[in-house]
Amino acid sequence: MAEVWDAVVVGAGIEGSVTAFHLAKNGCRTLLIEQFPLPHSRGSSHGASRIIRKAYVQQHYARMMNEAYPIWEQVERETGTQLYMKTGGLMVGPRSSKQLAETERSLSGAGSEFERLSSDDLKLRFPNLSFPADYRAVLDPEAGVLKADKALRCFQDLFVKYGGRIHDEEKVVRIDPGDVVTVHTSKSAYKTRKLLLLPGPWAGKLLGPLGLHPPLKPVRISVLYWREKQPGTYALKKGFPVFVDHTTLHKYGLPCLEYPGIFKLCYHSGPVIDPDDRDGVAGSRGNQEIVRMMCDYVRKHFPGLESVPAIQESCIYTNTPDEDFILDRHPQYRNIIIGAGFSGHGFKLAPVVGKLLCELAMDKQPSYDMTPFSLDRFHNTATPQAKL
Ligand SMILES: Cc1cc2nc3c(=O)[nH]c(=O)nc-3n(C[C@H](O)[C@H](O)[C@H](O)COP(=O)(O)OP(=O)(O)OC[C@H]3O[C@@H](n4cnc5c(N)ncnc54)[C@H](O)[C@@H]3O)c2cc1C
Ligand SMILES: O=C(O)[C@@H]1CCCCN1
């Protein structure tokens, strides 16, 4: 008789890899299936860096981050790899910004420290930034950079260390629900008691045949890097923080890390695409406009950077209308668990996302209120609004 797995996880991005790690660590015999050869750069988890911060508008994420940090540290210890570099995080916006006020409220509510910077403080502390006199900032002292590609590898290595199996270059092509689910791939078929779907931008393609159509939009993000005029101006070593601008749709930046002397500064939006054709016609549409807008932005606010990007790469967000994640069971097939819609901010939270999905798979009471992450919230048509 075919072997029955305790759990099969589909998708070896950061969310699937961390979920698989928690399952294996909790004694579940787990198989992690990935369509592409690992590592790859076609989904959402590639690249050297991501922002980690507690400064969130939504308090549920600020609270979850209190648990995420110790797990990141534990993985660093267990693998002997530095993954987190503390830089502090600067959230800027107009003095009247509701988002900044709510960020302060949620940091306080989560028991986390922060500093409030006036326009004068901002000028004094960060002379290489230029913002109007009616701007202010919130500084999150615990924020920093995660070494993303290393982090992904660490979680996959630990998963294998705890007895998990990874099958890459194997695409899931059909799912037959049941008390024991059958997962058909391009190479084989597997039986499992619990199936966890973490397919990133491909979520729509896997969920549709299971009768689920949540309003998910895969969006192509241009990852833009800008050369310093004077090397070292925005360097991590010199203590330049990670940065989020809360004016209208966000712009965000990370101090020079992956390419020496080159600062990463991106726009938190882009064209809706098919993940199998990320850089095709739809993906390129609007890119020139975004680059032009970002050139203007750099000229205005980052006077120490060349105002033409030195490097351009791509990555994909999978957005929900309210930018909250989906972490839930299939409403009909309760042993199928879904993690999707990480809306461009899921990396830092993956340690807690994985823990919650593992709890659902092991039929334990989840450690957090799952209401913000429920699939059925979309029946009430959430108002689209950039939050973070
Ligand atoms: C430019 C950019 C900047 C970001 N910045 C930040 C940040 O600063 N901080 C932060 O916290 N987050 C950030 N994020 C968000 C974060 O990176 C994502 O939320 C996270 O990587 C999502 O991971 P995932 O595992 O859901 O998706 P993915 O990494 O895409 O993983 C899904 C995997 O499933 C596989 N798969 C799909 N379908 C199948 C199938 N049928 N069979 C087998 N395998 C399948 C895919 O190949 C893929 O490997 C950023 C994202 C981008 C794009
Ligand atoms: O998750 C983050 O911290 C960043 C903030 C800005 C948008 C992209 N993601």
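Residues numbered from 1 in each chain as written. Chains lettered and ligands numbered in written order. Predicted model: local features only at pLDDT ≥ 70, side-chain atom pairs only at ≥ 80, totals over all residues. Heavy atoms only, no water.

Per an unreviewed UniProt entry, the chain is named Peroxisomal sarcosine oxidase, and its organism is Branchiostoma belcheri. The UniProt entry for the chain carries the following text under Sequence similarities (unreviewed entry): "Belongs to the MSOX/MTOX family." What the UniProt record of the chain gives under Function (unreviewed entry) is the line "Metabolizes sarcosine, L-pipecolic acid and L-proline." (UniProt positions renumbered as here; feature names shortened; annotations may be inferred.)

## Details of the sheet that holds strand 3 (residues 49-52)
Strands sit in the order 3-8-4 across an open sheet of three strands; the sheet is antiparallel. Looking at which strands have only one partner, the edges of the open sheet turn out to be strand 3 and strand 4 (84-86). Neighbour-to-neighbour, the strand axes of the sheet open up by a mean angle of 30°, direction not taken into account. Packing of helix 5 (residues 148-161) onto the sheet brings it into contact with strand 3 and strand 8 (144-147), and relative to strand 8 it is tilted by some 50°. (Pairing = 2+ DSSP bridges. Helix = DSSP H or I, 4+ residues; strand = E, 2+ residues; numbered from the N terminus. Axes fitted to C-alpha atoms, helices over the stretch in contact; angles between N-to-C directions. Contact = heavy atoms within 4.5 Å.)

## Focus: the domain arrangement of the chain
Looking at the chain, the domain boundaries give domain 1 (4-45 + 149-215 + 322-380) and domain 2 (86-145 + 217-319). Placing a centre on the C-alpha atoms of domain 1 and another on those of domain 2 gives a separation of 29 Å. Each partner contributes to the interface: domain 1 provides 14 residues, whereas domain 2 provides 12 residues. Summed over the shared surface of domain 1 and domain 2, the number is two salt bridges. With a shortest N-O distance of 2.7 Å, Lys205 and Asp276 are connected by a salt bridge. (Domains from an automatic or database assignment. Salt bridge = Lys/Arg side-chain N within 4 Å of Asp/Glu carboxyl O.)

## Observations concerning the nonpolar core
Counting residues in hydrophobic clusters, the biggest one holds 50 residues, and the most contacted among them are Leu23, Trp72, Leu196, Phe325, Leu327, Leu349 and Leu357. Of all the secondary structure elements, the ones that give two or more residues to this core are strand 1 (4-10), helix 1 (14-25), helix 2 (59-79), helix 5 and helix 9 (350-361). If sequence neighbours within four positions are ignored, Trp72 has contacts with Ile52, Leu83, Leu146, Ala151, Phe155, Phe347, Lys348 and Pro351. Leu122, Phe131, Leu224 and Phe243 belong to the second largest nonpolar core, which has 27 residues in total. (Core = buried A, V, L, I, M, F, W, Y, C linked by side-chain atoms within 4.5 Å. Buried < 20%, exposed > 50% of the residue type's maximum accessible area, 1.4 Å probe, protein only.)

## Observations regarding the site of ligand 2
By nearness alone, nine residues border ligand 2, and Arg53, His268, Gly344, His345 and Lys348 come closest of all. Contacts to ligand 2 include Arg53, whose side-chain N or O atom sits 2.6 Å from an oxygen atom. With respect to ligand 2, the backbone of Gly344 contributes an N or O atom lying 2.8 Å from a nitrogen atom. Computed on the free molecule, ligand 2 has an accessible area of 260 Å², of which 95% lies beneath the protein chains in the complex. Class assignment for the residues of the shell around ligand 2 results in four nonpolar, three polar and two charged. No fewer than three residues from each of domain 1 (4-45 + 149-215 + 322-380) and domain 2 (86-145 + 217-319) sit in the shell around ligand 2. (Near = heavy atom within 4 Å. Polar contact = N/O pair within 3.5 Å; in protein donor to acceptor, adjacent residues only side chain to side chain. Areas by Shrake-Rupley, 256 points an atom, 1.4 Å probe, with all protein chains shown as cover. Nonpolar A, V, L, I, M, F, W, Y, C, P; charged D, E, K, R; others polar.)

## What about helix 3 (residues 98-109)?
The end-to-end C-alpha distance of helix 3 is 16 Å, a good match for the 16 Å that 12 residues give at a rise of 1.5 Å each. Listed as buried for helix 3 are Gln99, Leu100, Thr103, Glu104, Ser106 and Leu107. Residues of helix 3 that are buried make contact with helix 2, strand 5 (89-94), strand 6 (115-117) and strand 7 (135-140). Backbone nitrogen of Gln99 and a side-chain oxygen of the N-cap are separated by 3.2 Å at the start of helix 3; the cap is Ser97. With its phi angle positive at about 75°, Gly111 sits one or two positions after the end of helix 3. (Expected span 1.5 Å × (residues − 1).)

## Side note on the site of ligand 1
Close to ligand 1 lie 36 residues; Glu34, His40, Ser45, Ile51 and Cys315 are nearest. A distance of 3.3 Å separates an oxygen atom of ligand 1 from a polar backbone atom of Ile14. At 3.1 Å, a backbone N or O of Gly346 approaches an oxygen atom of ligand 1. Relative to its unbound accessible surface of 1000 Å², ligand 1 loses 97% to contact with the protein. Counting residues per element, the shell around ligand 1 draws most heavily on strand 17 (residues 311-319), which supplies three residues. Partitioned by chemical class, the residues of the shell around ligand 1 number 19 nonpolar, 11 polar and six charged. Residue contributions to the shell around ligand 1 reach at least three from each of two domains, namely domain 1 (4-45 + 149-215 + 322-380) and domain 2 (86-145 + 217-319).

## Comments concerning the sheet that holds strand 16 (residues 262-267)
Taken in spatial order, the eight strands make up an open sheet running 6-7-5-14-15-16-13-17, and their pairing is mixed. For this open sheet the edge positions go to strand 6 and strand 17, each flanked by a neighbour on one side alone. Shown here is a sheet whose adjacent strand axes are inclined to one another by a mean of 20°, direction ignored. Where strand 5 meets strand 14 (residues 242-245), four bridges bridge the pair, whose relative direction is parallel. From the neighbouring strand, Leu90 faces strand 14, where its bridge partner is Phe243. Each of strand 5, strand 6 and strand 7 is contacted by helix 3, which is oriented at about 25° to strand 7, the strand it contacts most.

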